[in-house]
Amino acid sequence: MARQTRRALSENKRAERRLAWLLCAPAALVMLAVTGWPIIYSVWLSLQRYDLKFPEQREFIGLDNYASVLTNQYWWSAFGVTMLITVVSVAIELVLGMGLAIIMHRALVGRGLVRTSVLIPYGIVTVVAAFSWRYAWTPGTGYLANLFTPDSAPLTDRTSALAIIILAEIWKTTPFMALLLLAGLALVPDDLLKAAAVDGATAWQRFIRVTVPVMKPAILVALLFRTLDAFRIFDNVFVLTGGANETSSVSMLTYNNLLKGLNLGIGSTMSVLVFLTVAIIAFVFIKLFGTAAPGGSNGGRR
Amino acid sequence: MRLAAALVAITALAAAGCGSGESGGVPTVNLYYAPEQNLEKVVDDCNAQAQGRYRISYQVLPRAADDQRTQMVRRLAAQDDGMDVLGLDVTWTPEFASAGWILEWTGERKAEAEKGTLAAPLESSRYRDKLYAAPKNTNTQLLWYRSDLVERPPQTWDEMITKAQELKQQGKPYQIITMGAQYEGLVVLYNTLVVSAGGHVLNEDGTQAVFDEGAVRALDLLQRFASAGVTNPSLTNSKEDDARLQFQSGDGAFQLNYPFVYPAMQKGAPDLAKNVKWARYPAVTANTPSKVTIGGYNLAISRYSNHPDESFDAALCLRNAEHQKFSAINDGVPPTIESIYADPEIDEAYPMKTEILTELRDAAIRPSTPAYQNVSTVMSATLSPPADIKPQQVADQLRSSIQDALESKGVLP
Amino acid sequence: MAGLATEHSSARKWRWGLLDAIVVVYAFIPVLWIASLSFKTPETLTDGRFVPRVWTLENYRTIFTTDQFVRALGNSIGIALIATFIAVVLGMLAAYAIARLDFPGKGLLVGVALLIAMFPQVSLVSPLFEIERNLGLFDTWTGLILPYITFGLPLAIYTLSAFFRQIPWDLEKAAKIDGATQAQAFRRVIAPLAAPGVVTASILVFIFCWNDFLFAISLTSTERARTVPAALSFFTGASQFEDPTGSISAAAMVITIPIILFVLLFQRRIVAGLTAGAVKG
């Protein structure tokens, strides 16, 4: 009797696995087919000295490119700038996004209007939004510059330019954070909150002691996605400063070396390094902070 | 009749839809060029003159020079045969030639391209003494000044700076407005100063970074200019159009910019325009006239073109005297053929043609090397912001980083 | 779903109203600024005023004189819709497997999907270009749709599997006990419950395709396939140096209005989908 049950189980299991692979196959195939070769080719290029302008000088040099890039001040300056932008913007977006999520969730009036408004910045073409900020902060032309910095050009000074880039980034992607947080916020059981209120907890205490802990998985997922995206910032830097005054991000630097400088070796090396950094960040989030991957052990069936 | 026209239209559409190919046996020559509003008319005229031998199809490239280059390079690197005639910025010839992407001009066609063409644009189409492109149009900056504030235009930079400081003290508009953002325009400015001062950035071959005394003097001048308190606060974020708008807003006494500002000013600030005159770009040393960096576009033929013969002829037609005159008048792009400047027909569009020609006859070109993009990127990053330049230090720094850039070593900023 | 207060006092309403106003201002000011730029004449472009002194429709007229912009719009909408549809469908299949089924390599798949989305697109552009050129896909809709699906899939899979985890699967079990097969149970019972999640994932992927600039500019060369973000860099001013600020702003407004309307119409759906989990609370 037991053996029959076990056989039935393993047959079910096998059928389940087959179904699972069948379902995942199309997506996996598309992703691998399109990016497989380009990624491998990129890594292969990073091991070569290859400049399109001097094709006859192409040669395999192993990890020399990595040494060149990792000992270069421009790389580390861009790395530092990118880290700064990432950390500051994600931190602010978390707070702002949480606030927006709460408003979207519990607004008593104008809920539809607020929910629409929150999603607008996310839906605007990034380059267009960047132009909006660029003109707004140009002295003379722009209302913000005339209001806050009538005497200087904020985009020409490193600190203020970075601040503006961060602001532009926050404006654009907080909605994304708010959306993900809203999903988590909605999972907080009202009974728990009611019970806490009955016990005399203030709104702030209810938030800190009940809401946030329940929302932890959603917060971590939101942070993970936003951090990975923020690290690869390009459009806003490109339009606002063009990377001038050492405001380049690592993506800008890669673009300058790969597509402008036509140095495929160095450019590919930078791409791989950016990729590795992003992978490390993801690893830190998943393993150390315990961000739940959707198929992970704390997911699964109910 | 209408049916025939419809059939012709459908056939033409079908042919166009097939991209680069043959339309009923007539080879298509694909012209990849920056957006120029009336170039289509020139193309139509050349097609009419070709009488069925070939048909030019104008494929527009993006507005910004960098984007144009990226698009063309990507396809050339992949040996794409869909491009025939390429519109190259004057600084790209050595790069494209060294990479083996463009064909050399020889024999009769070379003579045709060189005939009557100004020396500086022609120099920018050469690499290692071979001709690789035919100059189509050129450009050069002038000094624009407010005649209601200044009686005679300054002859040298020092004179201009002093005059501006005087005006500032008198509480009048005083700014010297030009392009100082961290981009190619800054390199153009610096190059003008260097060559005007008799200095050199690279050696004759373009293989070594020299940075001689003239170059250092130019660094010193640039730094003095940027820190003399006579510039627009947005200098380090200004490109050509920003500078034009700043001058039009009335804050400036002097502007160093391309002739496009003239018609734009007539439209955008007609009252101001009445008081604006132009003069030759100021010199660096007294009694040695300035040598101004030229811009412009040359036409080259892609190595992977399927119809090189037709492409050469098409290019020659597009940039011949008649068409250069047309483009000059209608699109504001100064011609490269000297005789056109004597033609009274361009007077209305170019009241400043004498000054332009004078400058073009004695012009400067940017360092001629395949690694020019690298050199330019390194230079604009190091020279920005110009007020912070320490001449001797920057010279040493540039000498080594440009040498690296020439050899394609190291990382670009 | 009332708030915690048992009465909606006017003080609370005013407070919420104020918060709403702040959010609306935050979201709309930059958009209104672009609108303002689009209505300004070239002469007054730099006067620094938020509200134009002189209004003109010239910029809007200009962008519609050639069919360059209209075709770009058509390309954008078509390519984004197709790519979104395919990405969401494929994503749904994979997300179901990830959320519901147990199989070896699940974590690997999710991890690889994530990493693929994270590789800098800048260095994938040239190899992709060469592949597409060899396959004849350069400057075609398919040429853009494929990369968009590829980079939209990780987003779709992640979002959808997160939603699918929250669906009460007991209903599916009940349907199976009643005799339905796995596929039937999925289609008839689960799919409707998954709808809000699908809508959310679709919107996220659509906006990603809509916004993309890098692939659009690198994998197209004519109006056949060029989308709006790329087309913006082909707009010309009166000369090679003049920025066509007015035209770009007008074009920006034209492509933003549909997004605003779309979001307005579907915001209830979107948010309902996200808050569907609250039903169980």
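Residues numbered from 1 in each chain as written. Chains lettered and ligands numbered in written order. Predicted model: local features only at pLDDT ≥ 70, side-chain atom pairs only at ≥ 80, totals over all residues.

Draft legend 1. Focus on the overall build of chain B. For chain B, the helix and strand inventory stands at 17 helices and 12 strands. Relative to the globule expectation of 22 Å for 413 residues, the C-alpha radius of gyration of chain B, 22 Å, shows essentially globular dimensions. Counting only C-alpha atoms and orienting by the principal axes, one finds that chain B spans roughly 75 × 50 × 35 Å. The buried share of chain B, reckoned over its 413 residues, is 55%. The long-range fraction of contacts in chain B, counting pairs at least 24 apart against all pairs at least 6 apart in sequence, stands at 73%. (Helix = DSSP H or I, 4+ residues; strand = E, 2+ residues; numbered from the N terminus. Rg over C-alpha atoms; globule rule 2.2 N^0.38 Å. Buried ≥ 20, exposed ≤ 12 C-beta atoms within 10 Å, placed from the backbone. Contact = placed C-beta atoms within 7 Å.)

Draft legend 2. Layout of unusual backbone geometry. Note that the residue after Ser-384 of chain B, namely Pro-385 of chain B, is joined by a cis bond; omega there is -5°. Of note in this structure, Phe-211 of chain B is not a glycine but carries a positive phi near 50°. Note on placement: Phe-211 of chain B falls in the loop between α8 (184-196) and α9 (213-227). The exposure class of Phe-211 of chain B is buried, given the 24 C-beta atoms found within 10 Å. Here Asp-139 of chain C, not a glycine, exhibits a phi torsion of approximately 60°, which is positive. Structurally, the position occupied by Asp-139 of chain C is in the loop between α5 (122-135) and α6 (141-164). In this structure Asp-139 of chain C comes out as partly exposed when scored by C-beta crowding, with 19 C-beta atoms within 10 Å.

Draft legend 3. Region of the structure containing the interface of chain C and chain A. Taken together, the contacts link 84 residues of chain C with 90 residues of chain A. Looking at the side of chain C that touches chain A, the elements with two or more residues in it are α1 (10-39), α3 (68-100), α4 (106-118), α5, α6, α8 (182-211), α10 (228-231) and α11 (245-274) of chain C. Here the side of chain C that touches chain A takes 15 residues from α1 of chain C, the largest share from any one element. Considering only residue class, the side of chain C that touches chain A consists of 60 nonpolar, 16 polar and eight charged. (Nonpolar A, V, L, I, M, F, W, Y, C, P; charged D, E, K, R; others polar.)

Draft legend 4. Expanded view of α1 of chain C. At Phe-28 of chain C, α1 of chain C shows its maximal bend, which comes to roughly 40°, and the proline Pro-30 of chain C appears one to four places after that position. Among the residues making up α1 of chain C, those that are buried are Trp-16, Leu-19, Val-23, Ala-27, Pro-30, Val-31, Trp-33, Ile-34, Leu-37, Ser-38 and Phe-39 of chain C. (Bend = angle between axes of the 7 residues up to and from the residue.)

Draft legend 5. Examining the environment of Tyr-54 of chain B more closely. All names here are of chain B. Position of Tyr-54 among the secondary structure elements: in the loop between α2 (39-50) and β3 (55-60). Under the C-beta neighbour-count criterion, Tyr-54 is labelled buried, with 21 such atoms within 10 Å. Spatially, the C-alpha atoms of Tyr-54 and Asp-309 are 9.9 Å apart, while their sequence positions differ by 255 residues. Sequence-distant contacts of Tyr-54, that is, excluding residues within four places in its chain, are made with Val-26, Pro-27, Val-29, His-307, Glu-310 and Ala-314.

Draft legend 6. Representation of the sheet that holds strand β9 (residues 175-177) of chain B within the structure. All names here are of chain B. Spatial ordering of the open sheet is given by β9-β10-β8-β11, a layout of four strands whose pairing is mixed. The strands lining the two open edges of the sheet, one partner per strand, are β9 and β11 (276-279). Strand after strand, the sheet turns through a mean of 20° between neighbouring axes, direction not considered. The pairing of strand β8 (residues 142-146) with strand β10 (residues 252-257) spans four bridges and is classified as antiparallel. Bridge pairing links Leu-143 to Leu-256 in β10. Taken strand by strand, helix α7 (residues 157-169) contacts β9 and β10, and its axis lies near 150° from that of β10. (Pairing = 2+ DSSP bridges. Axes fitted to C-alpha atoms, helices over the stretch in contact; angles between N-to-C directions.)

Draft legend 7. Layout of the domain arrangement of chain A. Looking at chain A, the domain boundaries give domain 1 (2-36) and domain 2 (69-288). One C-alpha centre belongs to domain 1 of chain A, the other to domain 2 of chain A; they are set 38 Å apart. (Domains from an automatic or database assignment.)

Draft legend 8. Molecular detail of α6 of chain C. Along α6 of chain C, the sharpest kink reaches roughly 35°, centred on Gly-152 of chain C and followed within four residues by the proline Pro-154 of chain C. Among the 24 residues of α6 of chain C, 22 are classified as buried, and the element is accordingly described as predominantly covered.

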